[in-house]
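Coordinate inspection notes
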Amino acid sequence: MPAPTISVRGVGKSFEGNAALADVDLDVRPGTIHALVGENGAGKSTLGKILAGVHQADTGVVRLDGNSVDPASPREALALGITIVAQEIALVGTRSVIENVFLGSEVTTGPFVRTAALRRRFEALVAETGIDVDGDATVDQLTIADQQKVEILRALARRADVIVMDEPTARLATHEAEALMRIFDGLRRAGTTIVFVSHFLEEVLGISDQVTVLRDGRVVADGAASSFTPASLIAAMVGRTLDAAFPPKRIVPEARTAADEAPAPALKVTGLTRSGVFEDVGFEVRPGEIVVITGLVGSGRTEVLRAIYGLDTPTAGTVEVDGKVSRTGSPRASIAEGVALIPESRKTEGLFLDFPLVANVSLPHLRRFTRAGLVRAKQVARVAAGAMEDVGVKTPSPEAPASLLSGGNQQKVLFARALLGKPRLLIADEPTRGVDVAAKRQIYDLIAAEAARGSAVLLVSSEMEEVIGLAHRVIVMRQGRVLGELAGDDINESSIAHLAFGQTTKGHHYVD
Ligand SMILES: Nc1ncnc2c1ncn2[C@@H]1O[C@H](COP(=O)(O)OP(=O)(O)OP(=O)(O)O)[C@@H](O)[C@H]1O
Ligand SMILES: [Mg+2]
């Protein structure tokens, strides 16, 4: 067996006294794909960031090709040949795609970066990888999926020997994720070493050579990918076996026919249009019902949710909540009507990263805790901490800033915030993105419990299993239009795929 490219011995790392990693050993062989898996907060990103110079280990040693290294910054790590595609997108939003891709790798060009040369290099990179993004677009204007692609292109442009990829496929459609796996394979053949973090266990087992499982900052299993199954990986990750992933679906009371008896839908959308984005979208969600919108890349699902919640103003159509026409274009009015939204991007739309968790969870609900103009701070802290406990947020303290939590735990904080408001209508865009298997189950239970409580639930999801496992009704969109609805036994992989593409496909996140 060749000597390891990366050899980690006894690495420990604490944040404010809390151990994120303890006594970690890891050997990554050259030209292999080495997966790191584990629950949210297990320490995967921390380990990846130590390799890439973002964090420095407190104890232990990292060797690169036999030499002890301790990069003090990502720049130093890159000079050693190591780079990272971080879990959270870190691009310069006001710059173009091309500028972002080559930012930081322009070591030789001097002050005058030659635009034409960069464009040629960009085009070569796109041709080589098949990752297609408009090079002239401003990053801020791209969808989150496209921003993820820019991150990946940037890492590839740096031609590093070792690339840490922290959940690179979490935001990609299935065909894109599959394409990325082919790129990984090509890089491996060319001798590049990849450290791959992913919660998609089948993807991990399909592409990786070796797998290391972390739990609570320690290595609990390590071996050839072929020696694991998804079930044995899960067992190692959570330290126990998990039963079926989805709670049983409750039967939703049928809307009665006599007009005076019929319960009003919790949400009724009619003719909703935002010019050039989506058109004539109409559907209902009844109390107790879970409706999932799915569809292809750019199908307008996220945009429909945003318009319903009031983040964008539609150009035509109406949104009725509990039988009353809702004011559009006002999230504040939505909150007052009992509508809660869990957005697509935790970083840009969701969390105030510098604020304490308690504030993040309670801010939209402060009116409830205000008497005579005074916020009852103790009560707020208690209720918010309880809500976070209910959804299983793993944090050293409810007062910690949100920026300190692992990606999956941040997602759970958004959930706690939404549930604290006891919403009539819960809207969530990709509610389990970046969340580990055990926490997924927890979130599915919470969604089912919300519906059982009588709330209406409207989700956007790209994960086929999730769509099938949760939905009472599925709405399929394509190119800004509703193509059809499926209910009951018609909710299965082949009919959904058939509606969405006119063909069958397999995969956990086949759409954007
Ligand atoms: N900058 C930081 N400051 C304080 N604590 C941190 C920081 N970064 C990570 N942590 C903590 O370290 C632990 C490990 O976090 P890490 O991000 O490595 O987990 P992860 O395995 O990547 O999880 P996920 O699957 O949710 O991304 C967590 O308890 C997290 O709260
Ligand atoms: Mg992480």
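Residues numbered from 1 in each chain as written. Chains lettered and ligands numbered in written order. Predicted model: local features only at pLDDT ≥ 70, side-chain atom pairs only at ≥ 80, totals over all residues. Heavy atoms only, no water.

**Things to note about the pattern of salt bridges**
Under the criterion given, the structure shown has 22 salt bridges. Taking the shortest distance from any N to any O, the salt bridge between arginine 188 and aspartate 185 comes out at 2.8 Å. With arginine 188 and aspartate 185 both in helix α6 (residues 174-189), this residue pair falls three residues apart, about one helical turn. For glutamate 289, the salt bridge is made with arginine 286, and the minimal N-O distance between the two is 3.8 Å. For glutamate 289, a relative accessible area of 2% gives the class buried. When its relative accessible area of 15% is taken as the criterion, arginine 286 is described as buried. Salt bridges sharing common partners tie together Asp185, Arg188, Arg189 and Asp209. (Salt bridge = Lys/Arg side-chain N within 4 Å of Asp/Glu carboxyl O. Helix = DSSP H or I, 4+ residues; strand = E, 2+ residues; numbered from the N terminus. Buried < 20%, exposed > 50% of the residue type's maximum accessible area, 1.4 Å probe, protein only.)

**Overview of the domain arrangement of the protein chain**
When the parts of a complex come together, some accessible area is lost, and that lost area is often used as the size of the interface. Parsing the protein chain into structural domains produces domain 1 (6-238), domain 2 (264-338 + 423-512) and domain 3 (352-421). A straight line from the C-alpha centre of domain 1 to that of domain 3 covers 31 Å. Listed as interface residues are seven residues of domain 1 and, on the opposing side, nine residues of domain 3. Where domain 1 abuts domain 3, roughly 530 Å² becomes buried across the two surfaces, and 40% of that area is made up of carbon and sulfur atoms. (Domains from an automatic or database assignment. Contact = heavy atoms within 4.5 Å. Buried area = accessible area lost by both parts, 1.4 Å probe.)

**Describing the coordination of the magnesium ion (ligand 2)**
Within the first shell, the magnesium ion (ligand 2) binds the protein through Ser45 (OG) and Gln87 (OE1), at distances of 2.0 to 2.2 Å. Of this pair, serine 45 sits in helix α1 (residues 44-51) while glutamine 87 is found in the loop between β6 (82-85) and α3 (97-102), placing the two residues 42 residues apart along the sequence. Using a relative accessible area of 13% as the deciding quantity, one classes glutamine 87 as buried. (Donors = N, O, S within 2.8 Å, 3.2 Å for Na, K, Ca; no water.)

**Things to note about the sheet that holds strand β20 (residues 456-460)**
Sheet architecture is open: six strands sit in the order β16-β19-β20-β13-β21-β22, paired in mixed fashion. Strands with a single pairing partner mark the edges of an open sheet, and in this sheet they are β16 (339-342) and β22 (481-487). Going from strand to strand, the sheet's axes swing by 15° on average, the running direction of each strand aside. Looking at chain direction, strand β13 (residues 290-295) and β20 are connected through four bridges and run parallel. Across the sheet, isoleucine 290 pairs through a bridge with valine 457, a residue of β20. (Pairing = 2+ DSSP bridges. Axes fitted to C-alpha atoms, helices over the stretch in contact; angles between N-to-C directions.)

**Topic: the side chain of serine 330**
Relative to the helices and strands, serine 330 resides in the loop between β15 (324-325) and α10 (331-336). Accessibility expressed as a relative area gives 13% for serine 330, which makes it buried. Engagement of the side chain of serine 330 in a polar contact is seen with the backbone nitrogen of alanine 333, the distance being 2.9 Å. In contact with serine 330, not counting residues within four places along its chain, are Tyr309 and Gly310. (Polar contact = N/O pair within 3.5 Å; in protein donor to acceptor, adjacent residues only side chain to side chain.)

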